[in-house]
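Residues per chain are reported as follows:
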Amino acid sequence: PSALYRAEAGVGTNGMVEFDTGDVTNLQRQIIHGTSDIGRQKVLCAQETINELNPDVNVVIHETRLMGDNIMDILADYDIVVDGCDNFPTRYLVNDACYLLKKTLVDGSILIFDGQATVFTPGEGCYRCLFPEPPPPGMVPNCAEAGVLGALTGLVGSIQATEALKQFLGIGESLTSRLLLI
């Protein structure tokens, strides 16, 4: 949802990182995809959808998994990082890269009926400041195990898009140094 709203607002360049293919279980929460996208590379489908909404937006796709050996190069070209990943190792990796690269991070996450969103700007804290260590493996169920209310992803994604736009435009009161719990 965040990518769709950023594209509709005219954010000129949007990078998207995803290694996975579409699955029927994604459709209730990943509204950028449709049934015709099942089995196709998610980044290619997302690029097509965004280009259909706003052909003036440049969508740069990174068809890969974010890892320690590629994240710095991938994120270096972007002003703001919007993270909606679904696992703790990636969430902490994105945070650490944004911290080291001095990039603004718009973070959002969901699980079952709960969500959260925040913004970390350079010099104003980071995800590790809020949550110093990731939970032990298996302590927090993933979406496949616990489920998620699809509409909640829309809500958190809309908040992330709004926060990214505030950062780009330098307007409004940001969620920087605040955590919004839903």
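This text follows the structure it describes.
Residues numbered from 1 in each chain as written. Predicted model: local features only at pLDDT ≥ 70, side-chain atom pairs only at ≥ 80, totals over all residues. Heavy atoms only, no water.

Q: Describe the overall build of the protein chain, naming the residues involved and giving the relevant values.
A: Check the secondary structure of the protein chain and you find seven helices and six strands. Along the protein chain, from the amino end to the carboxyl end, the secondary structure elements read α-β-α-β-α-β-α-β-β-α-α-α-β. Taken against the 2.2 N^0.38 rule, which gives 16 Å for 182 residues, the C-alpha radius of gyration of the protein chain at 16 Å falls within 12% of a compact globule. For the protein chain, the spread of C-alpha atoms along the principal axes amounts to about 40 × 40 × 35 Å. Expressed as a percentage of its 182 residues, the buried residues of the protein chain come to 39%. Across the protein chain, every contact between residues at least 6 apart in sequence was considered, and the portion connecting residues at least 24 apart equals 62%. For the protein chain, the exposed area adds up to about 9,700 Å²; of that, 56% sits on carbon and sulfur atoms. (Helix = DSSP H or I, 4+ residues; strand = E, 2+ residues; numbered from the N terminus. Rg over C-alpha atoms; globule rule 2.2 N^0.38 Å. Buried < 20%, exposed > 50% of the residue type's maximum accessible area, 1.4 Å probe, protein only. Contact = heavy atoms within 4.5 Å. Areas by Shrake-Rupley, 256 points an atom, 1.4 Å probe, with all protein chains shown as cover.)

Q: Can you explain the nonpolar core? Please cite residues and give values.
A: With 12 residues, the main nonpolar core is built from Leu-66, Ile-71, Ile-74, Leu-75, Val-81, Tyr-92, Val-94, Ala-97, Cys-98, Leu-105, Phe-120 and Tyr-127. Elements supplying a minimum of two residues to this core: helix H3 (71-75) and helix H4 (88-101). When residues of this core are assigned to their parent elements, the largest contribution, four residues, is made by H4. In contact with Val-81, not counting residues within four places along its chain, are Leu-75, Val-94, Cys-98, Lys-103, Thr-104, Leu-105 and Val-106. (Core = buried A, V, L, I, M, F, W, Y, C linked by side-chain atoms within 4.5 Å.)

Q: Which residues make up helix H2 (residues 42-53), and what values go with them?
A: When the terminal C-alpha atoms of H2 are compared, their 17 Å separation across 12 residues agrees well with the 16 Å that a helix rising 1.5 Å per residue should span. Contacts from the buried residues of H2 go to helix H1 (2-8), strand S1 (13-17) and strand S2 (58-62). (Expected span 1.5 Å × (residues − 1).)

Q: Quick rundown of the environment of Gly-39? Include the residues and the values.
A: Secondary-structure assignment places Gly-39 in the loop between S1 and H2. On the accessibility criterion, Gly-39 (53% relative accessible area) is exposed. Sequence-wise, Gly-39 and Thr-21 are 18 residues apart; in three dimensions their C-alpha atoms are separated by 5.3 Å. Residues contacting Gly-39, with those up to four places away along its chain left out, are Thr-21 and Gly-22.

Q: Break down the sheet that holds strand S6 (residues 179-181) for me, citing the residues and quoting the values.
A: The mixed open sheet is built from four strands, whose spatial order is S3-S4-S5-S6. Both outer strands of the open sheet, strand S3 (80-83) and S6, are each paired with one neighbouring strand and no more. Each adjacent strand pair in this sheet contributes to an overall mean axis angle of 10°, direction not counted. Along the sheet, H4 makes contact with S3 and strand S4 (104-111), crossing S4 at roughly 165°. Across the sheet, helix H7 (residues 150-169) is in contact with S3, S4, strand S5 (114-120) and S6; its angle to S4 comes to roughly 170°. (Pairing = 2+ DSSP bridges. Axes fitted to C-alpha atoms, helices over the stretch in contact; angles between N-to-C directions.)

Q: Please provide a residue-by-residue account of the packing of aromatic side chains, values included.
A: Two aromatic rings are characterised by how far apart their centres lie and by the angle between their planes. For the structure shown, the criterion picks out three aromatic pairs. Ring centres of Tyr-92 and Tyr-127 lie 5.1 Å apart, and the angle between their planes is 85°; on these two criteria the pair is classed as edge-to-face. Of the two residues, Tyr-92 sits in helix H4 while Tyr-127 sits in helix H5 (residues 127-130), which places them 35 residues apart along the sequence. Note on Tyr-127: relative accessible area 4%, which makes it buried. (Phe/Tyr/Trp six-rings, centres within 6.5 Å; stacked < 30°, edge-to-face > 60°.)

Q: How would you summarise the environment of Leu-111 if you had to cite specific residues and measurements?
A: Within the element layout of this structure, Leu-111 appears in strand S4. When the C-alpha positions of Leu-111 and Asp-56 are compared, they lie 34 Å apart, and in sequence the two are 55 residues distant. Ignoring anything within four residues of it in the chain, the contact list for Leu-111 reads Val-140, Pro-141, Asn-142, Ala-146 and Gly-147.

Q: Outline the pattern of salt bridges, listing residues and values.
A: In this structure the tally under the stated criterion is seven salt bridges. The salt bridge partner of Asp-37 is Arg-40, with a shortest N-O separation of 3.1 Å. What makes Arg-40 partly exposed here is its relative accessible area of 31%. Salt bridges here are not isolated pairs; linked through shared partners, they connect Asp-37, Arg-40 and Glu-48. (Salt bridge = Lys/Arg side-chain N within 4 Å of Asp/Glu carboxyl O.)

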